Amino acid sequence: MVADVLDALHSKFDECETVAFADLSTQMVLITNSDASHRRETLDRLCAEAAMALGTSKKPAAFGDTPSSAAFVATNNQLRIFLRAPDEPADVLCCVCKPGVDVAAFLSDARPCLAKISGGA
């Protein structure tokens with residue numbers, strides 16, 4: 001079920017390279033959908049970046065003093081989007097997209113995707 005939800009989000013956006021569901025309380029990526037095979041270390045770094053950008057129950061975000069619901073990290077060749085589930089603060093989506101992704105459209109699909117996965121519906 002979770003894989004199907006991630007597959008649907010990933011396949012809808014050509015610019016989406018990787019979408020991963022992670023648990024910030026354990027700092028582990030639980031499931032991923034990607035155009036490329038990623039080593040565990042790469043996924044661990046992505047989850048660690050989400051924890052730093054969004055904050056955890058034990059540590060606030062790197063840029064601010066309260067946990068955030070969304071964070072964006074842009075480079076020349078990637079846009080990393082991190083989203084926190086509103087009802088389960090440890091549940092996050094970690095998304096790696098090409099810079100040309102339609103952010104508004106992606107967010108309007110990614111947020112309900114995360115809510116569905118996090119809520120177990």
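Everything quoted here is computed from the prediction, not taken from an experiment.

Here's the deal with the pairing of strand β1 (residues 16-23)
If a strand is regular, its side chains alternate between the two faces of the sheet. With seven of eight residues buried, β1 lies mostly within the body of the structure. When β1 meets strand β5 (residues 91-97), the two strands line up antiparallel, connected through seven bridges. Each residue of the ladder has a partner; that of C16, found in β5, is C97. Count of turn residues in the β1/strand β2 (residues 28-34) antiparallel hairpin: four residues, of which Q27 carries a positive phi of about 50 degrees.

Some details on the nonpolar core
Within the largest apolar cluster, 22 residues are counted, with the highest numbers of intra-cluster contacts made by L9, I81, L83, L93 and F106. Residue assignment for this core shows that the elements contributing at least two residues are α1 (2-12), β1, β4 (79-84), β5 and α3 (103-119). Top element by residues in this core is α3. It accounts for six residues. Ignoring sequence-local partners within four residues, the contact set of L9 consists of V19, L93, F106, D109, A110 and C113. Judged by nonpolar contacts, the second largest core, of 16 residues, contains A22, V29, C47 and A71.

With respect to helix α2 (residues 40-54)
Think of an α-helix as 3.6 residues a turn; residues three or four steps apart then line up on the same face. In this model α2 runs 21 Å from its N-terminal to its C-terminal C-alpha over 15 residues, within 8% of the 21 Å that 1.5 Å per residue would give. Within the sequence span of α2, burial applies to L43, L46, C47, E49, A50, A51, A53 and L54. Looking at the packing, one finds that the buried side of α2 touches β1, β2, β3 (70-74), β4 and β5. Just past α2, the residue G55 takes up positive phi, approximately 90 degrees.

What counts and what doesn't
- Residues numbered from 1 in each chain as written.
- Predicted model: local features only at pLDDT ≥ 70, side-chain atom pairs only at ≥ 80, totals over all residues.
- Heavy atoms only, no water.
- Buried < 20%, exposed > 50% of the residue type's maximum accessible area, 1.4 Å probe, protein only.
- Helix = DSSP H or I, 4+ residues; strand = E, 2+ residues; numbered from the N terminus.
- Pairing = 2+ DSSP bridges.
- Core = buried A, V, L, I, M, F, W, Y, C linked by side-chain atoms within 4.5 Å.
- Contact = heavy atoms within 4.5 Å.
- Expected span 1.5 Å × (residues − 1).

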